[in-house]
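Coordinate inspection notes
Residue-level listing of the chains:
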Amino acid sequence: MSEGPIINIEKCTKCGTCIEVCPKDCLTFIDGKITHLSDECILCSHCYAVCPHDAISFDPTLLRTSSFYTFVLDIQQKHSISAQNFAAFSMSRRSIRKYRDTPVATEILRDLVEFAATAPSGSNCQNWEFTVIPDRSKVLELAHSIRNFFERLNSIVRNPIKRYLSVLFAGTALIRYYRDHFASVELGLNEAEKGRDLLFHGAPALIIVHSNMEGSLPLEDGQYAAYNIALMAHAMGLGTCFIGYASETLNRSKKIKMRVNIPQKNRVLAVLAVGYPDVAYERFALRKNYRVQFI
Ligand SMILES: Cc1cc2nc3c(=O)[nH]c(=O)nc-3n(C[C@H](O)[C@H](O)[C@H](O)COP(=O)(O)O)c2cc1C
């Protein structure tokens, strides 16, 4: 089958709308028929999505319709959301650091991943992979491995001689770690001793977004996918929190990466704690001033 759009000539009215939206100029009129010519198709499927006559399809082994367990996405319906509603919704998303014990159903976690994969991606590479940790006992196992990692790291960095000698083989990485993170990690380790989870905040599930880093902009792609999860979870009444410490550790420890079955060559782009919030916010969080220029 074709690696690009398949045009049903009986349905096609030759309106040319598909030609206008193709980002790679793959479609053109030849002998009065719309024809797919170039090898450059990035499978964005905009031609399929725009066609007013449903005359375009793709090899189903290459592209598929997103499908969800917990809600129905009616793609025929024109979605409209007011700017006010959208702003209120996205501004009311918070990083949740207190979760109820309630587990998150597998179908919901599956739908969050499915929705993640509807994010934009550079050259439409969609080169993201997901690892879902669906229950608290496994979250705790990962937390335990990460805790061991940081206990070892802090025991090295605590010693000023080791810290300064490390410059010879690790540059200033450990000096910076000591300055920026040592104290908060030390606190987290002490609190973990008392049974408090300052790493995953008691979340019953995790979604890890990773990538083999092939494609044009895999880092950005994975992060947009992860933010999609954060937004959709919020819409479903769930809370999320990006756990940067976990991403960093997974990328630094081959052993821990292996434990969660992530290929060594893959880079972890986001670890999201997921669960039902045990906290309610009364108003939007505030933001810092920023610089902007119109030129
Ligand atoms: C890349 C990234 C890493 C983060 N890592 C952590 C983390 O390790 N632990 C944590 O509690 N929050 C983490 N956060 C959450 C931020 O602290 C939070 O997004 C920020 O304070 C703004 O709050 P809001 O998300 O509620 O708007 C992280 C956020 C991002 C985007």
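The structure reproduced in this document is the subject of the present report.

1. A short note on the layout of surface pockets
One number sums up the size of the second largest pocket: a volume of about 600 Å³. Every residue lining the second largest pocket is counted, 26 residues in all, and those nearest its centre are Gly188, Asp197, Leu198, Leu199 and Tyr245. Within the residue set of the lining of the second largest pocket, elements represented by two or more residues are α5 (136–157), α9 (182–193), β7 (239–242) and α11 (244–252). Ranked by residue count, the leading element in the lining of the second largest pocket is α5, at 7 residues.

2. Let's talk about empty space enclosed by the protein
Scanning the model with the defined rule gives 2 cavities of 30 Å³ or more in all. Quantified by volume, the largest cavity comes out at close to 90 Å³. Along the wall of the largest cavity there are 14 residues; nearest its centre are Cys22, Pro23, Cys41, Cys44 and Cys47. The class makeup of the residues in the lining of the largest cavity is 11 nonpolar, 2 polar and 1 charged. In this structure, the second largest cavity occupies an estimated 60 Å³ of space. As for the second largest cavity, its lining consists of Cys12, Thr13, Lys14, Cys15, Thr17, Cys18, Ile34, Cys51, Pro52, His53, Ala55 and Ile56. Grouping the amino acids of the lining of the second largest cavity by side-chain chemistry returns 8 nonpolar, 3 polar and 1 charged.

3. Some points on the side chain of threonine 240
For threonine 240, the position within the fold is in strand β7. For threonine 240, a relative accessible area of 2% puts it in the buried group. Excluding its chain neighbours within four sequence positions, the residues that come into contact with threonine 240 are Arg94, Ser95, Ile96, Tyr99, Ile229, Ala230, Ala233, Leu272, Ala273 and Val274.

4. With respect to the environment of proline 277
Among the structural elements, proline 277 can be located in the segment after β8 (267–275). Along the sequence, proline 277 and isoleucine 229 sit 48 residues apart, while their C-alpha atoms lie 15 Å from each other. If near-sequence neighbours (up to four positions away) are discounted, proline 277 is found in contact with Ile96, Lys98, Tyr99, Arg100, Gly237, Leu238 and Gly239.

5. Some details on unusual backbone geometry
Note: most peptide bonds trans; most residues except glycine with negative phi. Its identity as a non-glycine residue notwithstanding, aspartate 25 has a phi of 50°, on the positive side. By the secondary structure assignment, aspartate 25 is in the loop between α1 (17–21) and β2 (27–30). The phi angle at leucine 43 is positive, at roughly 60°, despite the residue not being glycine. Examined against the element boundaries, leucine 43 turns out to sit in the loop between β3 (33–36) and α2 (46–50).

6. Digging into the pattern of salt bridges
For the structure shown, the criterion picks out 11 salt bridges. Among the salt bridges present, the one from arginine 110 reaches glutamate 114, with a minimum N-O distance of 3.6 Å. Taken together, the positions of arginine 110 and glutamate 114, both in helix α4 (residues 106–116) and 4 residues apart, correspond to about one turn of that helix. When its relative accessible area of 38% is taken as the criterion, arginine 110 is described as partly exposed. A relative accessible area of 3% means that glutamate 114 is categorised as buried. Arginine 158 is paired through a salt bridge with glutamate 186; the nearest N and O atoms lie 2.8 Å apart. Taken as a pair, arginine 158 in the loop between α5 and α6 (160–165) and glutamate 186 in helix α9 lie far apart in primary sequence, 28 residues in all. Residues participating in the shared-partner salt-bridge network are Arg64, Arg110 and Glu114.

7. Regarding the sheet that holds β8
Strand-to-strand pairing in sheets goes through backbone hydrogen bonds, with the strands running parallel or antiparallel. Taking strand neighbours across the sheet as the criterion, the 4 strands line up as β5-β6-β8-β7 in an open arrangement whose pairing is antiparallel. Two strands in the sheet have a free side with no partner beyond their single neighbour: β5 (129–133) and β7. Direction aside, neighbouring strands of the sheet carry axes that sit 25° apart on average. As defined by bridge partners, β5 adjoins strand β6 (residues 205–211) across 5 bridges and the pair is classed as antiparallel.

8. Looking at the side chain of asparagine 154
Mapped onto the elements, asparagine 154 comes out in helix α5. Classification of asparagine 154 by relative accessible area gives buried; the value is 0%. Setting aside residues up to four positions removed in sequence, asparagine 154 forms contacts with Tyr177, Phe182, Val185, Glu186 and Leu189.

9. Description of the site of the ligand
Surveying the vicinity of the ligand reveals the residues Arg93, Arg94, Ser95, Arg97, His201, Cys241, Phe242, Ile243, Gly244, Tyr245 and Arg287. Contacts to the ligand include glycine 244, whose backbone N or O atom sits 2.9 Å from a nitrogen atom. Interatomic distance of 2.9 Å between a side-chain N/O atom of arginine 287 and an oxygen atom of the ligand. Contact with the protein chains covers 58% of the free accessible surface of the ligand, which is 620 Å². For the shell around the ligand, a count of residues per class yields 4 nonpolar, 3 polar and 4 charged.

What counts and how
Residues numbered from 1 in each chain as written. Predicted model: local features only at pLDDT ≥ 70, side-chain atom pairs only at ≥ 80, totals over all residues. Heavy atoms only, no water. 1 Å grid on protein atoms, 1.4 Å probe; cavity = no way out; pocket = protein on both sides within 12 Å on 5 of 7 lines; lining within 4 Å. Points joined across faces, edges and corners; volume = space filled by probe spheres on them. Helix = DSSP H or I, 4+ residues; strand = E, 2+ residues; numbered from the N terminus. Nonpolar A, V, L, I, M, F, W, Y, C, P; charged D, E, K, R; others polar. Buried < 20%, exposed > 50% of the residue type's maximum accessible area, 1.4 Å probe, protein only. Contact = heavy atoms within 4.5 Å. Salt bridge = Lys/Arg side-chain N within 4 Å of Asp/Glu carboxyl O. Pairing = 2+ DSSP bridges. Axes fitted to C-alpha atoms, helices over the stretch in contact; angles between N-to-C directions. Near = heavy atom within 4 Å. Polar contact = N/O pair within 3.5 Å; in protein donor to acceptor, adjacent residues only side chain to side chain. Areas by Shrake-Rupley, 256 points an atom, 1.4 Å probe, with all protein chains shown as cover.

By themselves, these are just geometric observations and shouldn't be taken as functional.
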